[in-house]
Amino acid sequence: MYIFSRKKRIVMTLVFIQCVLLLAGCGFKDIDNRLFVIGIGVDPSEKIEGHYKITLKLSIPVASIKEEKKPTYQYLVHEGENIEEAIRILETHTDRVLEFGHTKIIMVNEALLENNVKDVMDYFVRRGDMQLIAWVGVAKNSAEEVLRAEPKAEEAVSTSLTRYFDRTGTESPYIVSAFLFEFRRNSYSLGIDPVLPVVETNDDGSQLIVNKSIIVQEGRPPFEMSSRFTREYNSLAHNLEGYSYKIEHEENNIVVNIGKIKVKYKVITDNKKPTAIEMKIDMTGEIIESDKDLSLNNLAKYNKLAEDEVKKHILEFLTTVQKENLDPIGFGLQYRTMYLNNKDTMTIWNEAYQELPFDLKVKVNLKSTGTIE
Amino acid sequence: MYYLIFVTMVTNIIATVPRILVIESKKGVIFSMIAALLIGVVLTYFVIQLFNKFSGQSFPNILKKYSPRWFYVPVILYFAISWFIAGIITLFTYVFLFTTFVSIETSLVITTLAFVIIVSFGMLMKSESVLHTVEIVFLLLLPVILFLFVKIMTDENLNWGFVQVAMMNINTTPSYMSFSAASYLFIGVVNIVIFNSFFKDKLKFGFKQVTIIGTVGAVVLFITYFVPIGFNGFEQIEHLNFPWVSTSDSVRMKFGVIERVIFIFVIIFLGISFLSLLIHWHVSLKLLESIFHFKKLKWKKKNLTSYFFVILFCGISLFLVTRIDEFELFKYASIFYNILPLFYFILFLSLFVAKRRAKL
Amino acid sequence: MFSRNGVFRLCANEKQTAPELMENIFEKLNRSEDVLTIPLQLENNNAFILYLKTVVDGVKLQNIIIKPFFELKSMEFFSSYIQSLPDIVKMKTGEELLIQLMKGHVLIAIQDKFFLVDIKMITAGSPQQAVLEPTIYGPQLALSESIETNMNMIRNRYAEPSLIIESVQLTDKTHQSMVLLYDKKKVKQSVLDALRLKIEGMDNTLVESSGDLQLLLNSTKFSLFPTMILTERPDRITYNLSNGKIIIMMDGSPQAIVAPVIFFDFMVSMEDNYHSYWISLFTLTLRYVGLLTCILLPAMYVAVTSYTPDILRVELALSVAGSRLGVPYPSFIEVLFMLLFMEFLIESSIRLPKAISATATTVGGLILGTAATEAALTSNIMIIIVSAVAITSFVIPISEMSFAIRICRYLLLAFTTLFGTVGLMLGFLGIIMYLTNKDSFGEPFLKINWKSMKREKEV
């Protein structure tokens, strides 16, 4: 290496670094110049018909997490013609850049579910930086209220709403968790309908209650399922356990707690026409409550009682849903997998679905009666 | 030797290939995938056999020795340009992907510049070092890739029902576009044109290798096509621009430090596309060097031909990145894939000619 | 009885003159105080010896040469005796003769015949303790500064007949002697040739020790990564010999050079041979993870906080954001500042006198950490990162590589600052590419060798 070229190289490198340092403004934004958006709420606008009201829940970082008692949030609300516009204006309401990479909660108002749900969803999916594993929920009265609720037991840096859904916190079968991608997939697919959880707050906004759900289908008012039905749906579709049935029998009332559940279903067809849906359900559980003493010898009898009870409930759920021509569990999808595709598959199914009888085979296996007899 | 093939395969899982496949999803993609699988393996076999006859020499050398100038200059030129375009497609796909998903504010030029700087350093290395680099990086990334795949495939949200629905579409006729796109996966072997100079002994390509490549290819194809469907549903998947990235965004690592799997995916893909880009441009550079050798460009006893080409490549890519948008990229990529079989044909033809002349 | 030119003349009646050669040599050596020419005379036998007092072992000289002269009957006996001495060396002429005399040979003139005998005095000859590469098990003695002792130690450990010692004479002012050691059966001929070529092509005025030699043998002038290992442990030397490497030892330097090396050799400590398989596998993995942490962690911090904070979980991102509250300058300056401070600490602690070292550690560690955070000059997380980096940078057994890695860290940091997360990954790949492109005497630097599963990979 000649000495001359060495000096020249050093000079050139310095110049290069200089230039590039100036360019480094692109994309370089320190973390304390960003604000994380934790949740978005979409409501129909109160002032103008057809417009949206957007609520953003921002999480404010705290210097020392151990000293903070309550989490700090900031809420931004704005109305706009479409979601994008509202968010752009909201960016001017704050001094830092809004960072959507951590948006985990999307709340949609119930009123929007009938006609506008696809538009709403479209925005969220199209933005590449928003997570597709955000949870979608339906707000009972107003998405803004739901987002603004700050339960007392909340920690400084994590959101309690997230914990409802991600099953690190509570794992109850009354809570349906719907990811954004799942929602989108099920909305567009033929043969299955998406289910969203309903989130409501109590009167003073200090508690969040999630135990119902809604089946959504474009073009018709959404069908709300009560807690009971939500539970059935969850156990059938997602194999979730941890709930109980009350059985009333002549002498005693016993409550059975279901520990494990396994569901298998099949669409029975005859020459390409669906004739019945057969479901096989295996449950294991134990007896939680009883007002009289029980003996272990009668477990077989209790099994039978439980089976009847369970069958009754599930049949009720399935027929109710069927009457509304909704299919949250995905029987239609199963039907489609059984035959090679052609144009008529879905039409045949749609015609036949409402009349299909259900053939349930329930088997309950009670393991014990708890700690006492 | 396997690395060349595998890297190209894995790269193209994420690149443009799935998009084409799913667009044709209603038109008999499965058949064309199977056909491409078979033909790809067969072609690989032939290419290796032909090169075995000339072990230890690289393609330009072979052509120079055995064919007249008017023949080999356009052939090599054509190859060099094809390789360059292949590299550019990978580069642009990745840059667009990164910009869309990870950081919207970063300008395309900066990201391209980063790539181009490192790749230009890599292009000027000896070919052997390129092979070693590919080996090491691939080995480093492989466990993560496997982990990713396993994680994606065992996720409970992957609804196999959709996959089955897709499979039920097997009774429709194949289309050419999907066939050529699927066969792109197997094109990695033709990188051997330059690297053949290192394979001094004849490469064994017997039954065992065929099976290995065939199985891996089949598995990769299956994963490429079907898994995104399981996550995204059959109907809507045509509308996804980057099906695989959206798929990986749908998986959640509940207890991991990085919660969104998409980032792991994007970073891994960065490594892989970098490798692919390196190989392609290196091959292209070497091919160009063998035909053009500017004796005039001398500076302090070093011949600057290679630098000239490197700067040319950088310039073209930086220029184009601001001009092309996603749709055009997709269009050009499909055209490129459609022309590929011609490429194979010319390769065989030239090798055949050379073989005959060598015997003479 | 000194005469003017310092030659002893006996007061006896017989006047002996030293042979002409010796006179010439004496002139050439320019009247240095320690040149002695002693005539040995007994009745009719006479011989002359010429030597440098300061480098020749006087006692040995007395025992081997002077005493027998006075005990043997005739010159023929004495001359045969001299010729059968174990230390006799082939007679040299001219410049070489002078150099040999400088090194402690003795020139004996017996009746027009000249002999050279090697009676060097070795002062710094005892093996030292292993300081640079200490291990728990294994031999604790390291090489000494005398080449004879070193060769003795190596031969004792590696008693293979195929071990060849080649000596090379350097042509600079110190005229040190240098030896090449290799196992003829295992060594790779091309590497040997390349090395020899390199040595002959070297021209420099002063080569002090193996460190200098290592730099001179290096192919390029501005190199970052070492292409040879300096080691002081004889067990590492024998291990390398048995794997086919070449050792270069220099007189006056307690370190030996091992060439060629590949990257993985730098990460192997001799401890690995003395522990059970799983333990050494675990420590080896630990070292590699430490290496990766050392390079990647500061750059990752910059990439994550400033470019894409979406990578982390929500809680972690918020903690990081919270800990950076109040820090007035951007993250990469903070990282740079802390890293430089740590470099100062490390550099100064090499030279600290023992009395102050404890205080300095306290000052550096506690006060830097706590006070800087309190003053909102850095964030908490940065302190953790910097201490992790500091600790892991010493995980690498060979210090040359450790220094090189430290510099790489800054390069990677610069690249990440410019380009973000893309820069992080690409910079890392760039470093890998640079390493694969290097070669150590024709052997690729970074190459996974599938054929041998030995931990210190074969050449």
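Here is what the cut-offs are and how they apply
- Residues numbered from 1 in each chain as written.
- Chains lettered and ligands numbered in written order.
- Predicted model: local features only at pLDDT ≥ 70, side-chain atom pairs only at ≥ 80, totals over all residues.
- Heavy atoms only, no water.
- Helix = DSSP H or I, 4+ residues; strand = E, 2+ residues; numbered from the N terminus.
- Buried < 20%, exposed > 50% of the residue type's maximum accessible area, 1.4 Å probe, protein only.
- Contact = heavy atoms within 4.5 Å.
- Areas by Shrake-Rupley, 256 points an atom, 1.4 Å probe, with all protein chains shown as cover.
- Pairing = 2+ DSSP bridges.
- Axes fitted to C-alpha atoms, helices over the stretch in contact; angles between N-to-C directions.
- Core = buried A, V, L, I, M, F, W, Y, C linked by side-chain atoms within 4.5 Å.
- Domains from an automatic or database assignment.
- Arc of directions from axis to C-beta.
- Salt bridge = Lys/Arg side-chain N within 4 Å of Asp/Glu carboxyl O.
- Patch = residues over 30% accessible without salt bridge, like charges linked within 9 Å, V, L, I, M, F, W, Y side chains within 5 Å.
- Lys, Arg positive; Asp, Glu negative; His and termini not counted.
- Charge placed at Lys NZ, Arg CZ, Asp CG, Glu CD.
- Parallel < 35°, antiparallel > 145°, perpendicular 65-115°, else oblique.
- Nonpolar A, V, L, I, M, F, W, Y, C, P; charged D, E, K, R; others polar.

Student: Could you give an account of the overall build of chain A, naming the residues involved and the relevant values?
Tutor: Along the backbone of chain A there are ten helices and 13 strands. Looking at chain A residue by residue over its 373 residues, the buried ones come to 51%. For chain A, restricting intrachain contacts to residue pairs at least 6 apart in sequence, the fraction spanning at least 24 positions comes to 67%. Of the roughly 17,700 Å² that chain A leaves accessible, carbon and sulfur atoms contribute 51%.

Student: Hey, could you go over the sheet that holds strand 5 (residues 113-118) of chain C for me, with residue numbers and the actual values?
Tutor: Residue and element names in this part refer to chain C. If you trace the five strands from one edge of the open sheet to the other, you get 1-2-4-5-3, paired in antiparallel fashion. Of all strands in the sheet, those bounded by a partner on one side alone are strand 1 (35-42) and strand 3 (88-89). Across two bridges, the pairing between strand 3 and strand 5 is antiparallel. Residue pairing for strand 5: Val89 is matched across the bridge by Leu116. Contacts from helix 4 (residues 94-102) reach strand 2 (45-52), strand 3, strand 4 (105-110) and strand 5, with the element oriented near 120 degrees to strand 4.

Student: So what's going on with the nonpolar core? Which residues, and what values?
Tutor: Judged by nonpolar contacts, the single largest core of 180 residues is most densely connected at A:Ile54, A:Leu161, C:Met249 and C:Leu426. Ranked by residue count, the leading element in this core is helix 13 (residues 261-291) of chain B, at 20 residues. Domain assignment of the residues forming this core places at least three in each of domain 2 (147-260) and domain 3 (272-444) of chain C. With residues near it in sequence (within four places) discarded, C:Leu426 still touches B:Ala114, B:Phe115, B:Ile118, B:Leu270, B:Phe274 and C:Phe415. Grouped together as the second largest cluster of nonpolar side chains are 44 residues, A:Val195, A:Ile254, A:Phe317 and A:Leu326 included.

Student: Break down helix 1 (residues 20-28) of chain C for me, citing the residues and quoting the values.
Tutor: Residue and element names in this part refer to chain C. Buried within helix 1 we find Met22, Ile25 and Phe26. Around the axis of helix 1, the buried residues are gathered within 100 degrees of arc, so they sit on the same side. Across helix 1 from its buried face, at more than 90 degrees, point the exposed residues Glu20 and Lys28. Along its buried surface, helix 1 packs onto strand 1, strand 2, helix 4 and strand 4.

Student: Could you give me a rundown of the pattern of salt bridges, with the residues and numbers involved?
Tutor: Pairing between side chains of opposite charge can happen when their charged atoms approach one another. All names here are of chain C. On inspection of all chains with the given rule, the structure shows seven salt bridges over all chains. Two residues, Asp193 and Arg196, come together in a salt bridge whose shortest N-O distance is 3.9 Å. Highlighted residues: Asp193 and Arg196, both in helix 6 (residues 189-200), separated by three residues, approximately one helical turn. You can call Asp193 partly exposed: its relative accessible area is 36%. Arg196 sits in the partly exposed class, given a relative accessible area of 26%. Measuring nitrogen to oxygen at the nearest pair gives 3.2 Å for the salt bridge that ties Glu343 to Arg409. Residue Glu343 is found in helix 12 (residues 331-351), and its partner Arg409 is found in helix 15 (residues 399-419); the two are separated by 66 residues along the sequence. Judged by relative accessible area, Arg409 falls into the buried class, the value being 0%. Connected via shared salt-bridge partners are Glu166, Asp193 and Arg196.

Student: Summarise the environment of C:Asp272; cite the residues concerned and give the values.
Tutor: Structurally, the position occupied by C:Asp272 is in helix 9 (residues 271-274). On the basis of relative accessibility, which here comes to 2%, the residue C:Asp272 falls in the buried class.

Student: Give me the lowdown on helix 3 (residues 75-83) of chain C, citing residues and values where you can.
Tutor: All names here are of chain C. Residues of helix 3 that are buried: Met75, Phe78, Ser79 and Ile82. Looking straight down helix 3, one finds that the buried residues subtend no more than 95 degrees of arc, so they occupy a single side. Summarising the contacts, the buried residues of helix 3 are in contact with strand 2, helix 2 (58-71), strand 3, strand 4 and strand 5.

Student: Before we move on, can you summarise a positive patch on the surface with the specific residues and values?
Tutor: Residues and elements named next belong to chain A. Together, Lys262, Lys264, Lys266 and Lys280 make up a region of like positive charge exposed at the surface. The biggest single contributor to the positive patch is strand 11 (residues 253-270), with three residues. Among the structural elements, Lys262 can be located in strand 11. Judged by its relative accessible area of 51%, Lys262 is exposed.

Student: I'd love a proper account of the sheet that holds strand 12 (residues 256-259) of chain C, names of residues and values included.
Tutor: Residue and element names in this part refer to chain C. Reading across from one edge, 8-9-11-12-10 is the order of the five strands in this open sheet, with antiparallel pairing throughout. Here the strands that pair on one side only, and so sit at the sheet edges, are strand 8 (163-169) and strand 10 (229-231). Along the sheet, successive strands turn relative to each other by an average axial angle of 25 degrees, direction set aside. Across seven bridges, the pairing between strand 8 and strand 9 (residues 177-183) is antiparallel. Directly across from Val168, in strand 9, lies its bridge partner Met178.

Student: Account for the packing of helix 7 (residues 227-238) of chain A against helix 8 (residues 299-323) of chain A, with residues named and values stated.
Tutor: Residue and element names in this part refer to chain A. Taken N-terminus to C-terminus, the directions of helix 7 and helix 8 make an angle of 95 degrees; their axes are 10 Å apart at the nearest point. Accordingly, the angle class assigned to the pair helix 7 and helix 8 is roughly perpendicular. Residue-level contacts link Arg228, Phe229, Glu232, Tyr233 and Leu236 of helix 7 to His313, Ile314, Glu316, Phe317, Leu318 and Thr320 of helix 8. Of the residues assigned to the contact of helix 7 with helix 8, the class counts are six nonpolar, two polar and three charged.

Student: Give me the lowdown on the pairing of strand 11 (residues 246-250) of chain C, citing residues and values where you can.
Tutor: All names here are of chain C. Across the five residues that make up strand 11, a large majority, five, are buried. Side-chain alternation along strand 11 places Ile246, Ile248 and Met250 on one buried face and Ile247 and Met249 on a second face that is also buried. One ladder, built from three bridges, connects strand 11 with strand 12; its direction is antiparallel. The residue of strand 12 that forms the bridge with Ile248 is Ile257.

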